[in-house]
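# Notes for the structure review
Here is what each chain is made of, one letter per residue.
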Amino acid sequence: MDGQNTNQEFLGASKRFSVSDGARIKSKRTDDKWSEFDDDWIFSVQEVPEEFRTEKKYENFILAKQEEKEQKTILRSKPYHIDIEPTNICNLQCPLCSTGVNADTRKKSILTFENFKKLIDEIKSTTLLFSLQNWGEPTLVKDLPKMIRYASNAGIFTRLSTNFSVDYTDEYFEEFMKSGLGRIVIDIDGTTQEVYEKYRVKGNLDLVLNNTKRAVKFKKENNLKYPIIQARMLVMSHNEHQIEDFKKLAKELEVDEMELGNIQLNPNSAREWLPNNKDFVYDTYLDQHVTTPCHWPWSGLVINSDGGISSCAIVDDQNADFGNIFENNIMEIWNNEYYQSARTTWSNEKKRTKTTICTICKNDTHNKQLLRVGNTFSLTLNKHVSFSKQQKDKKSKE
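Residues numbered from 1 in each chain as written. Predicted model: local features only at pLDDT ≥ 70, side-chain atom pairs only at ≥ 80, totals over all residues. Heavy atoms only, no water.

### As for helix 3 (residues 144-153)
All buried positions along helix 3 are accounted for by Leu144, Pro145, Met147, Ile148, Ala151 and Ser152. Buried residues in helix 3, looked at end-on, bunch into an arc of 160°, giving them a common side. For helix 3, the secondary structure elements touched by its buried residues are helix 2 (113-123), strand 4 (129-132), strand 5 (158-162) and helix 4 (170-177). Looking one or two residues beyond helix 3, the residue adopting positive phi is Gly155, at roughly 85°. (Buried < 20%, exposed > 50% of the residue type's maximum accessible area, 1.4 Å probe, protein only. Helix = DSSP H or I, 4+ residues; strand = E, 2+ residues; numbered from the N terminus. Arc of directions from axis to C-beta. Contact = heavy atoms within 4.5 Å.)

What follows is the structure, encoded as structure tokens:
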């Protein structure tokens, strides 16, 4: 079918390398029971170390994959992929992020430690893929190290990405590094301040690099197994000439891994950010369309800092929420009318009672017809997203 992509692996997938030898890292394996169902999306269960993969998690995972294969709309399995947002507040103003452009998509908030503990207690027995991030900078949250420690002690492998452009106190940094964090992804989108700050607006590259060196040094001196420290560069038109410099920098920093990632954006208004090197451009920005079902309605959900449930990690619209975790438990939300209706998008069971962002998106996330928040990749149901005065003033000057 012309213009449609039914392949399981897209041309523009992020590329991860070992820093020690520069070899490409592939997390998928075929030699154990977890590989019975192949994962064809950004996260693979093989990224979760074996000590965090219990028999109960395996049983739930296999049931979830079977229910997805059968396109069930009411599930017995629990979500195994959970993103929890510590805050939607950020210290930077990245131009392709709805938080960075000061879009009024959701009231700013910080998740309390007490509410976080309740969430972990509810999800700990079945969660495999777990990230502490969404629309804000997680390390701005004072209780973040305590949150990570609580999740780690509950047997959950934690992951987060950070701009790392924060002047941390020694006390906070030590607590953070000793928290049991499994993987930290540090965004370094340029090897010079001039290039770096074009996207990471208000970011300080020297501070990021110093914090990275600090983390590597602390891990070595304290003989820590985790976190896996990964440097990531989102490849864009203004920094693609620094790819080799980034690889060299990652080696000098002595991080464990480095990743070259792809930027996401509004395909109608921000294509100038896409690099010329098509190895770092999603096929779906090259007039391809996705026709494969989305995994999210059967695998996981995003819990925003105010408790709102987003169907996936690219939705930023409070009015598109599927429920609120502070009002109902996970399974009540997981099988409510919104989720059942979302699953009918790909299921033969056409008992749809709600129009959701999933039934509109249909996993074709880069489709030009979808509503976006400004120039960002964030999906919304709102045709008239408002922006803060600061952003409006900036637009009027351009």
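Now, onward.
### A few points about the nonpolar core
Formed by 90 residues in total, the largest nonpolar core has its most connected members in Ile84, Phe116, Phe130, Phe164, Phe176, Ile188 and Ile303. For this core, the element with the highest residue contribution is helix 6 (residues 205-221), accounting for six residues. Residues in contact with Phe164, not counting those within four places in the same chain, are Glu137, Phe173, Phe176, Ile184, Ile186, Leu207, Val208, Asn211, Thr212 and Ala215. Ranked by size, the runner-up nonpolar core spans 13 residues in total, among them Tyr58, Phe61, Tyr80 and Leu128. (Core = buried A, V, L, I, M, F, W, Y, C linked by side-chain atoms within 4.5 Å.)

### Side note on a nonpolar patch on the surface
A surface patch of nonpolar side chains, amounting to about 240 Å² of accessible area, comprises Ile89, Ile110 and Leu140. By relative accessible area, Leu140 is classed as partly exposed at 36%. (Patch = residues over 30% accessible without salt bridge, like charges linked within 9 Å, V, L, I, M, F, W, Y side chains within 5 Å. Areas by Shrake-Rupley, 256 points an atom, 1.4 Å probe, with all protein chains shown as cover. Salt bridge = Lys/Arg side-chain N within 4 Å of Asp/Glu carboxyl O.)

### Focus on unusual backbone geometry
In this chain, Tyr226 is followed by Pro227 through a cis amide linkage whose omega measures 10°. Inspection of the secondary structure assignment puts Pro227 in the loop between helix 6 and strand 7 (228-235). Even without being a glycine, Lys202 presents a positive backbone phi close to 80°. Residue placement: Lys202 occurs in the loop between helix 5 (193-199) and helix 6. At Asn363, a position not held by glycine, the phi torsion is positive, near 70°. Turning to its location among the elements, Asn363 is positioned in the loop between helix 11 (357-361) and helix 12 (389-397).

### Side note on the confidence of the model for the protein chain
For the protein chain, mean pLDDT is 88; residues scoring 70 or higher make up 87% of the total. Throughout residues 1-12 the model reports pLDDT below 50, and contacts reaching past four residues in sequence, or to other chains, amount to 27 contacts. (pLDDT = per-residue confidence, 0-100.)

### Details of the environment of Gln369
Structurally, Gln369 can be placed in the loop between helix 11 and helix 12. Gln369 sits in the exposed class, given a relative accessible area of 70%. When the C-alpha positions of Gln369 and Asn268 are compared, they lie 8.8 Å apart, and in sequence the two are 101 residues distant.

### Section: the packing of aromatic side chains
For the structure on display, the rule yields 17 aromatic pairs. On the basis of an interplanar angle of 35° and a centroid distance of 6.3 Å, the ring pair of Phe164 and Phe173 is categorised as tilted. The class for Phe173 is buried, based on a relative accessible area of 3%. Here the aromatic rings of Tyr168 and Phe173 are separated by 6.0 Å at their centres, their planes lie at 45°, and the arrangement is tilted. By relative accessible area, Tyr168 is classed as buried at 7%. One aromatic cluster is present, built from ring pairs that chain together Phe164, Tyr168, Tyr172, Phe173 and Phe176. Sitting above the plane of the Phe173 ring, Arg214 keeps its charged end 4.2 Å from the centroid. (Phe/Tyr/Trp six-rings, centres within 6.5 Å; stacked < 30°, edge-to-face > 60°. Lys NZ or Arg CZ within 6 Å of the ring centre and 35° of its normal.)

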